[in-house]
Amino acid sequence: MAPQRPSAFDAKMKSLLGDDFEQFQSSYNDTPLGGLRVNTLKISREAFQKQSPFALTPIPWCETGFYTGEGVRPGLHPYYHAGMYYIQEPSAMAPVELLDVEPGDRVLDLCAAPGGKSTQIAAKLAGRGHLVTNDLHPERTKALAKNIELYGVRNAVVLNEAPEAIAASFPEYFNKILIDAPCSGEGMFRKDEDMLRHWTEDSPRKYAAMQKEILESAARILAPGGTMVYSTCTFSPEENEGMIAVFLKHHPEFSLLSKAGTEAPWFSAGESQWLSEHGLEETGPDAAGDAAWMAEVSKTLRLWPHRVKGEGHFMAVLCKEVPEMTGASHREEEYRLSLPVTGVSKGQLSMALQAGGERRQKRLESNTRPEAKHRRGASAGMDPGGRRGSKGGRGSERVLRQDTGTEIGRNEAEGLLQHFISDNLSWEEYHGYLRLHGQHLYLSPLPEERLQGLKVVRAGWYVGSVKHGRFQPSHPLAAALQPEEARRVINLSSDSGEAVRYLKGETLEIEAGRVHSRDFSSDEPKGYVLVTIDGCSAGWGKWQSGILKNEYPAAWRWTSA
């Protein structure tokens, strides 16, 4: 049964759609389609298609997206917990595709929670360049950080900031920005009746005020020559075409890029005619001088639920012109630290990290902020237990031992990490700036100076903590590893029942012959093992004498029957 829509909403939609209104209205009787997007950080599209437990139908505007059949519940399969796919409404996959992210880009997802589009961006970056993903609401950043970790993202920073604060810290820095703006949610009425119940006739105007401020900040953050995609899940022209027309009017350095046409027939052109009849919010219907801006927004894009298999979405692809005589690059150079696998002293790692960090900082200074000086230290942030982070910040140079209360220096903490790498991973190099915050170690894609004064939820890839004089690897470290990066691996089949038992936190009996070991220093492959599910990393375990002790975190465990 179709949800009951407000009469004011229907009247507005009829004026917007004209003869198409009846078809639009009847689409509310259709069951919304589910979708999933393959996480190519963990598995290729082709490999997943071969082993998928679900029937899949490709989504035309997203190469890694698929429709799932009615009644399918992909969240109740071990593959979901292994981060093989993200469950996402099909139309919501389109904005990131339009952003055209490439490896090496500097990308900002400005209104990111719960993180679906951020994980899509991260997959396109493929570990190169970096992603700063942000949400203004502290509670929502918890889900955002968890999704970044679950889907194996190594090169992301999670912030909890207002857009204007990011603009102050990152002027003209990012070459790709996504604004999935807060909106009145009219495009989700069929799927989410809560949005329908909270809608009022004044909702579009209320959200438009917020959207305008977000766009203004983003304009300051985007680098010359960069691309910005503005998207909403609403039908309201005031939040869509009208918002973009006003923005273009005040920002002549921006232009719209059209993606509609024969190559993308699923996109409908923006509703410039309605805007011409009703005018812009700030000038009214008789402002002849606004005609050019109102006509220009026909280059914006819509997905309509009565024309495609998906919910309602609006998108605008905005390009910022490059001033003459500018040669700054906004592609991220690769940053690697080569690490000896054995025989490293506790001080050697720190020296290599400092030297590598200083080299990269010099390159960064030449492109962006000449006045910046590289200083070692960690950003403040929310610890992995979920406690709120503080602003600013240098991390502690020393942390307390939990067993004795004596302090551990930064060099010693780095040495403990290196010994773990030597014993358990097949790494000779890795990317990033090593940060120590409290007892927690991160590999960050950004130097400390870039995050000064900002509320940081995750400073980068959380790799572990120092406890009782040992390095304890984190779950996000395991989730982002490829099986070939671990010295010991145990693979569990999704069909056997062992995978679900592992995800529930149970201890498993695993014979030695099932431990795939690259550790030739011991007759028995005891110690930390990377647990995989059908070849994709799921978490840690500790194996000894036929027993796999479960290290899967309690907060992440499978709770379904």
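Residues numbered from 1 in each chain as written. Predicted model: local features only at pLDDT ≥ 70, side-chain atom pairs only at ≥ 80, totals over all residues. Heavy atoms only, no water.

**Student:** I would appreciate a short explanation of unusual backbone geometry in the present structure.
**Tutor:** For residues besides glycine, phi is generally negative; the peptide bonds are generally trans as well. With an omega of 5°, the peptide bond running from A113 to P114 counts as cis. Within the chain, S545 stands out as a residue other than glycine whose phi angle is a positive 55°. Considering the arrangement of structural elements, one finds S545 in the loop between β27 (536-544) and β28 (547-550). (Helix = DSSP H or I, 4+ residues; strand = E, 2+ residues; numbered from the N terminus.)

**Student:** Sorry if this is basic, but what is going on with the sheet that holds strand β22 (residues 470-473) here?
**Tutor:** In a beta sheet, neighbouring strands pair by backbone hydrogen bonds and run either parallel or antiparallel. Spatial strand order, β18-β19-β21-β22: 4 strands in an open sheet with antiparallel pairing. On the outer flanks of this sheet lie β18 (433-437) and β22, each paired with one strand and no other. Between one strand axis and the next, the sheet turns by 30° as a mean value, whatever way the strands run. Where strand β19 (residues 440-444) meets strand β21 (residues 461-467), 4 bridges bridge the pair, whose relative direction is antiparallel. (Pairing = 2+ DSSP bridges. Axes fitted to C-alpha atoms, helices over the stretch in contact; angles between N-to-C directions.)

**Student:** So what exactly am I meant to see when it comes to the side chain of N155 here?
**Tutor:** Along the chain, the position of N155 falls in the loop between α7 (138-150) and β7 (156-159). A distance of 3.1 Å separates a polar atom in the side chain of N155 from the backbone oxygen of G129. Not counting residues within four places of it along the chain, the set of residues in contact with N155 comprises L125, G127, R128, G129, H130, L131 and P445. (Polar contact = N/O pair within 3.5 Å; in protein donor to acceptor, adjacent residues only side chain to side chain. Contact = heavy atoms within 4.5 Å.)

**Student:** Please explain the side chain of H313 as it appears in this structure.
**Tutor:** Counting through the fold element by element, H313 comes out in strand β13 (residues 313-320). If we skip the residues at most four places from it in the chain, H313 touches S91, A92, P95, D180, M188, S231, T232, C233, L301, R302 and L303.

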